[in-house]
Amino acid sequence: MDKATIADVLEKIATLLELKGENPFKIRAYTNAARSLETWGGNISDLRDEETLEKIPGIGKAIAAKIKELVETGSLKFFEDLRSEFPAEILELFSLPGLGAKKIKALYEQLQVSSIAQLQEACTAGRVAELPGFGKTTQDKLCRAIAERTKHAGSFHLGAIAAEAETLQNDLRAHPDALHVCIGGSYRRRKEIVRDLDFIVATSAPAEITAIFAQHPLVESIIAQGPTKSSVRLRSGIQCDLRVVTGAEYPFALNYFTGSKEHNIVMRNRALQRGWTLNEYRLGPAPPVADSPKKKTTGKIPEVREEADLYRALELDYIPPELRENCGEFEAASAKTLPRLVEAENLRGTFHCHTTASDGHNSLEEMAAAAQSLGLQYLGIAEHSRSSIQANGLDVPRLRAQVAAIRKLNREFENFRLFAGVECDILRDGSLDFDDEVLAELDYVVASVHSAFTLSEADMTRRIIRAMSNPFVTMLAHPTGRLLLKRDPYAVDVPAIIEAAAETGTWIEINAAPKRLDLDWRWWPLAKEKGVKCVINPDAHRTERLQELWFGIGVARKGWLTKADVMNCLPLGKIEGELTRKRTRK
DNA sequence: GCCGTTTTCGGCCCGACTGTTTTCAGTCG
């Protein structure tokens, strides 16, 4: 039982309570608790302890007791009882846009519809349109939504939609009537998965901007179009929302639509505490409410010209979008202790890239040239090792040949260097795919799990820690093996891995490939606290994928990391000594 | 169900759009 499973149960409770028509604030309490638990940095074993549980914000006596029961017995009576009141598949109806708890309840009680398949049947038979509160339009919309759902899962890798997003943003920016254009939402916060794109545009010509947006060549269909808000679907399937505001409203709209929702709630509350009301358009005086002491007016409302002014008005340092998850950014911003986050420009090199020697698509020379054109001072080549047969892994002679090729090529460079490494498989028992004598010939070693994903959590954790204990292992790659939207992480005790990395001096990778983004940003504050060093690697199998480092920077920033936390921000002169520090330390 | 620097009771963010209504409920973000 892990945190994500428990959070999932709490989420499901919230949804089921919604179906029952429970008190909305009680429902929100469960949602808040789920979210709070997910982002909490503590250890799973502490979840048996109710006192620790109640210290997590949003978790009080009642929910703490439920989590305890869940962790100790593996099930929760309250949840099981609740669940038995409805057919199991009914929850899938919530994934259809336009359907919420009230409508699902009506469909269930009046038409006995409790699955998407049954809904499709009822729509085809025309029974949905006859329900009070529904109509022909709603019925047709649901039909389309069901068809759409099979076509697009509705979730996208950040990397899969970034190009479309930037194109649309640039085209809007090029329009003379656009004063400011920004993509807010989870895209601006650099979440690993985005469900939609929120465009915020400041303009004095809303109709023109709306038209440009709706008629853009990337747009496949228009979902809604009004004077200030429009929604379209792009060719990739992602939904884009456009908000058109005035120049004066822009900083408020940008802030509001960047979110997260949880961040916004705290912002609004801070405004309320100062006697103001904050919405997506302005900071205004709070409406007078009798007997409401916290809504005392506290003087003149500060002028806000840009987002930073808004934070200043609420007595906060500017909070970078990546940190706006209500995971401690308010405490830090008010104490003036926000870190200066790492930036793409800080990167000096990277490790963990492949060439045609194993399963890459470009030669050593091509990869080196691509790295130099990105302004990097060094590039580490780490091919697969012999056990990764599916990836054309190198045996010892082929590895030695590549090391020789790298050493030879290095003589041709000025102010640039290739490092010779390997992506060495961690075998089932935690031993490595090459002997230490072979590893010692390399500049560095990346260790990864590529097989036996189904070990128990204890075995997998032991396996990885054993590998990290090898003095030649410089860094641990994609520590959880997840493939976003495709494969869950294998069972592994991440805090234990972090602890071992700190003890052994092993760096942990942020694998910047958009399908991985592993280790997840939620773990980095803990890793940083333990003194673990980060390395951002693209795991590039072709030259153009080196640019995915940009997504890794997003993860590092979300994880509160600074330049000093990321090893590949070190210049060429300093990185070499760091690569071999572990094998020479006593 | 959670929370608390005037609170242990009474709040809990709130505006836009759509579709079904004929003044508003539901959904969404």
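Residues numbered from 1 in each chain as written. Chains lettered and ligands numbered in written order. Predicted model: local features only at pLDDT ≥ 70, side-chain atom pairs only at ≥ 80, totals over all residues. Heavy atoms only, no water.

Draft legend 1. The layout of surface pockets, seen in detail. Its volume calculated, the second largest pocket comes out at about 480 Å³. Surrounding the second largest pocket, 27 residues form its lining, Asp359, Lys515, Arg516, Asp539 and His541 being those nearest its centre. When we break the lining of the second largest pocket down by domain, the ones giving at least three residues each are domain 2 (156-247) and domain 4 (344-584). (1 Å grid on protein atoms, 1.4 Å probe; cavity = no way out; pocket = protein on both sides within 12 Å on 5 of 7 lines; lining within 4 Å. Points joined across faces, edges and corners; volume = space filled by probe spheres on them. Domains from an automatic or database assignment.)

Draft legend 2. Molecular detail of the pairing of strand 11 (residues 378-384). Counting buried positions over the 7 residues of strand 11 gives 7, a clear majority of the element. When strand 10 (residues 349-353) meets strand 11, the two strands line up parallel, connected through 3 bridges. Across the sheet, residue Thr350 finds its bridge partner in strand 11, namely Leu379. Note on the crossover from strand 10 through helix 16 (residues 364-373) to strand 11: the handedness is right-handed. Direction of pairing for strand 11 relative to strand 12 (residues 417-425): parallel, over a ladder of 7 bridges. (Buried < 20%, exposed > 50% of the residue type's maximum accessible area, 1.4 Å probe, protein only. Helix = DSSP H or I, 4+ residues; strand = E, 2+ residues; numbered from the N terminus. Pairing = 2+ DSSP bridges. Right-handed = clockwise from strand over helix to strand, strands pointing away.)

Draft legend 3. Molecular detail of the sheet that holds strand 14 (residues 475-476). With parallel pairing, 7 strands are arranged side by side in an open sheet as 10-11-12-13-14-15-16. Unpaired on one side and paired on the other, strand 10 and strand 16 (534-537) mark the two borders of the sheet. Where strand 15 (residues 507-511) meets strand 16, 4 bridges bridge the pair, whose relative direction is parallel. Paired with Glu509 across the strands is Val535, a residue of strand 16. In this fold helix 17 (residues 396-410) packs onto strand 11 and strand 12, with an angle of close to 165° to the strand it touches most, strand 12. Running over the sheet, helix 22 (residues 549-558) touches strand 10, strand 15 and strand 16 and is turned about 150° from strand 16. (Contact = heavy atoms within 4.5 Å. Axes fitted to C-alpha atoms, helices over the stretch in contact; angles between N-to-C directions.)

Draft legend 4. A look at the nonpolar core. Judged by nonpolar contacts, the single largest core of 96 residues is most densely connected at Leu418 and Ile536. With 6 residues, helix 9 (residues 158-173) is the largest single contributor of residues to this core. Shared between two domains, this core takes at least three residues from each, and those domains are domain 2 (156-247) and domain 4 (344-584). Those residues within four positions of Leu418 in sequence are excluded, and the remaining contacts are Leu364, Ala368, Leu379, Ile381, Ile406, Leu409, Asn410, Phe413 and Asp443. If you look at the next biggest cluster of nonpolar residues, it comprises 47 residues, including Leu37, Ile59, Val71 and Val113. (Core = buried A, V, L, I, M, F, W, Y, C linked by side-chain atoms within 4.5 Å.)

Draft legend 5. View of the packing of aromatic side chains. Under the criterion given, the structure shown has 13 aromatic pairs. Ring geometry for Tyr30 versus Phe78: centroids 6.3 Å apart, planes at 10°, classification stacked. Of this pair, Tyr30 sits in helix 2 (residues 24-39) while Phe78 sits in helix 5 (residues 77-84), and the two are 48 residues apart along the sequence. Classification of Tyr30 as buried rests on a relative accessible area of 5%. The partly exposed category is assigned to Phe78, whose relative accessible area is 31%. Measuring from centroid to centroid gives 5.8 Å for Tyr311 and Tyr318, while their planes differ by 85°, and the two rings are edge-to-face. (Phe/Tyr/Trp six-rings, centres within 6.5 Å; stacked < 30°, edge-to-face > 60°.)

Draft legend 6. Structural context of the protein's contact with DNA strand B. In the vicinity of DNA strand B lie 42 residues, with Arg28, Gly58, Gly60, Gly98 and Gly135 positioned nearest. Protein-proximal atoms of DNA strand B, defined as those within 4 Å of the protein, fall in sugar or phosphate at a share of 73%. The contact in question runs from a phosphate oxygen of DNA strand B to an N or O atom on the backbone of Gly100, over 2.7 Å. Thr228 is positioned such that a nitrogen or oxygen atom in its side chain is 3.0 Å from a phosphate oxygen of DNA strand B. (Near = heavy atom within 4 Å. Polar contact = N/O pair within 3.5 Å; in protein donor to acceptor, adjacent residues only side chain to side chain.)

Draft legend 7. Region of the structure containing the domain arrangement of chain A. Segmenting chain A into domains produces domain 1 (3-151), domain 2 (156-247), domain 3 (259-334) and domain 4 (344-584). Look at where the C-alpha atoms of domain 3 and domain 4 centre, and you get two points 41 Å apart. On the side of domain 4, 5 residues touch domain 3, which itself brings 8 residues to the contact. Buried area between domain 3 and domain 4, summed over both chains or domains, comes out near 570 Å², and the portion from carbon and sulfur atoms is 62%. Looking only at domain 3, the three residues that lose the most surface to domain 4 are Glu322, Leu323 and Glu325, adding up to 74% of its buried area. Between the two partners, domain 3 and domain 4, sit 2 salt bridges. With a shortest N-O distance of 2.7 Å, Arg557 and Glu322 are connected by a salt bridge. Counting across the interface, domain 3 meets domain 4 through 3 residue pairs in polar contact (both at pLDDT 80 or more). By residue class, the composition of the side of domain 3 that touches domain 4 is 4 nonpolar, 1 polar and 3 charged. (Buried area = accessible area lost by both parts, 1.4 Å probe. Salt bridge = Lys/Arg side-chain N within 4 Å of Asp/Glu carboxyl O. Nonpolar A, V, L, I, M, F, W, Y, C, P; charged D, E, K, R; others polar.)

Draft legend 8. Region of interest: empty space enclosed by the protein. Taken as a whole and assessed by the stated rule, the structure comprises 1 cavity of 30 Å³ or more. The computed volume of the largest cavity comes to approximately 60 Å³. What lines the largest cavity is Phe252, Asn255, Tyr256, Asn264, Met267, Arg268, Leu278, Asn279, Glu280 and Leu310. Within the residue set of the lining of the largest cavity, elements represented by two or more residues are helix 12 (250-258) and helix 13 (261-273). Tallied by class, the residues present in the lining of the largest cavity amount to 5 nonpolar, 3 polar and 2 charged.

Draft legend 9. Quick peek at unusual backbone geometry. Geometrically, the link from Gly259 to Ser260 is a cis peptide bond, its omega value of -5° lying close to zero. Relative to the helices and strands, Ser260 is located in the loop between helix 12 and helix 13. Residues Asp518 and Leu519 are joined by a peptide bond in cis, for which omega reads 15°. Structurally, Leu519 can be placed in the loop between strand 15 and helix 21 (524-530). Here Arg190, not a glycine, exhibits a phi torsion of approximately 60°, which is positive. Phi is positive for Trp560, close to 70°, though the residue is something other than glycine. By the secondary structure assignment, Trp560 is in the loop between helix 22 and helix 23 (572-579). In this structure Trp560 comes out as buried when scored by relative accessible area, which is 16%.

Draft legend 10. Examining the environment of Gly284 more closely. Turning to its location among the elements, Gly284 is positioned in strand 9 (residues 283-285). Sequence-wise, Gly284 and Leu272 are 12 residues apart; in three dimensions their C-alpha atoms are separated by 9.9 Å. Discounting residues that sit within four places of it in the chain, Gly284 has contacts with Gly275, Trp276, Thr277 and Ile301.

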